[in-house]
Amino acid sequence: EAFDGALEIDPMNAITWTEKGNVLINLKKYEEAINAYNKALEINPEYFEPLFYLSNLFFSLGNIKDSTKKVEELLDKNKSHALGLNLNGRIKIDEKCYDKAIEFFEKAISLDMGNPMHLLWAAYANYLNLEFSSSPKRNECQEKEALTLIIRKLEKARNLINERTDKEIQAYILYFLGYSY
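Residues numbered from 1 in each chain as written. Predicted model: local features only at pLDDT ≥ 70, side-chain atom pairs only at ≥ 80, totals over all residues. Heavy atoms only, no water.

> Mind showing me how you'd approach the nonpolar core here?
Generally speaking, soluble globular proteins have nonpolar side chains that are buried together. If you look at the biggest cluster of nonpolar residues, it comprises 28 residues, and the most contacted ones within it are W17, L54, V71, L87 and I91. Among the elements of the structure, α2 (14–26), α3 (30–43), α4 (49–60), α5 (64–77), α6 (82–94) and α7 (98–111) are those that each provide at least two residues to this core. Ranked by residue count, the leading element in this core is α3, at seven residues. Aside from chain neighbours lying at most four places away, what touches I91 is S55, F59, I64, S67, T68 and V71. (Core = buried A, V, L, I, M, F, W, Y, C linked by side-chain atoms within 4.5 Å. Buried < 20%, exposed > 50% of the residue type's maximum accessible area, 1.4 Å probe, protein only. Helix = DSSP H or I, 4+ residues; strand = E, 2+ residues; numbered from the N terminus. Contact = heavy atoms within 4.5 Å.)

The following block contains the structure:
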């Protein structure tokens, strides 16, 4: 209701439309959220945040095709959008393109230092790459090196998360660390 009131005063405010979309997602009113984000983009096509939220929503709903389209639009407008890069990495994991996913996570890490989620996703993509992209040419030394890389990323994420106290993320990190050792 607050957003509706604000939009009565200024119906051409793309930020308010975007925030309304975020609230609608929390209320599980996905179609209305999509409409709000599209309205924000219609008002200001250069405002890229609605593209991230749309892509994330489509990804959450299992619509990889539309999620990919929106995140690509986002990254065309802002190549340094760390959360967009992270989301694109998760899309690549879903497509089983682990090397590409790792590239996106590494770029997100470099742009958003201190965010443990990028490290956690990078470690996961490295694990999947190690587990499912086994090459007959890979030797034991290369596998140990890859596993060490995964552990280092998880330990960095653990160190960052201790400062933040997010228990759910901490549980994931500790689980993957235990599994990796």
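That was the structure; now back to the text.
> I tried to follow the side chain of R90 on my own but got confused; where do I start?
Tracing the backbone shows R90 in helix α6. D94 provides the closest opposite charge to the buried, unpaired R90, separated from it by 10 Å. Those residues in contact with R90, other than ones at most four positions away along the chain, are N56, F59, F105 and W121. (Lys, Arg positive; Asp, Glu negative; His and termini not counted. Salt bridge = Lys/Arg side-chain N within 4 Å of Asp/Glu carboxyl O.)

> I'm lost on the packing of aromatic side chains in this one. Help?
A ring pair, where both rings are aromatic, is described by two values, the distance of the centres and the angle of the planes. Summed over the entire model, instances satisfying the criterion amount to four aromatic pairs. On the basis of an interplanar angle of 15° and a centroid distance of 5.8 Å, the ring pair of Y37 and Y53 is categorised as stacked. Highlighted residues: Y37 in helix α3 and Y53 in helix α4, separated in sequence by 16 residues. For Y37, a relative accessible area of 0% translates into the label buried. Ring geometry for F105 and W121: centres 6.2 Å apart, planes at 20°, overall stacked. With a gap of 16 residues between them, F105 in helix α7 and W121 in helix α8 (residues 116–132) connect regions that are remote in the sequence. According to the relative accessible area criterion, W121 is partly exposed, its value standing at 25%. Through a chain of ring-to-ring contacts, three or more aromatic side chains come together here, namely Y37, F52 and Y53. (Phe/Tyr/Trp six-rings, centres within 6.5 Å; stacked < 30°, edge-to-face > 60°.)

> Can you walk me through the pattern of salt bridges in this structure?
Any two side chains of opposite charge can pair if their charged atoms end up close together. For the structure shown, the criterion picks out five salt bridges. In this structure, E42 engages K39 in a salt bridge whose closest nitrogen and oxygen atoms are separated by 3.5 Å. A residue pair is termed a helical-turn pair when its members lie 3 or 4 positions apart in one helix, as E42 and K39 do in helix α3 at three residues. A relative accessible area of 58% means that E42 is categorised as exposed. Residue classification places K39 among the partly exposed residues on the basis of a relative accessible area of 26%. In this structure, E106 engages K153 in a salt bridge whose closest nitrogen and oxygen atoms are separated by 2.8 Å. Within this pair, whereas E106 is found in helix α7, its partner K153 is found in helix α9 (residues 140–164), the two being separated by 47 residues in sequence. On the accessibility criterion, K153 (9% relative accessible area) is buried.

> I would appreciate a short explanation of the side chain of H81 in the present structure.
Secondary-structure assignment places H81 in the loop between α5 and α6. Under the relative-accessibility criterion, H81 is labelled buried at 8%. If sequence neighbours within four positions are ignored, H81 has contacts with F48, E49, F52, L74 and L75.

> What is the right way to look at the environment of L41 in this model?
As for its placement among the helices and strands, L41 is situated in helix α3. Taking the C-alpha atoms as reference, L41 lies 7.0 Å from A14; in sequence the two are 27 residues apart. Not counting residues within four places of it along the chain, the set of residues in contact with L41 comprises Y47, P50, L51 and L54.

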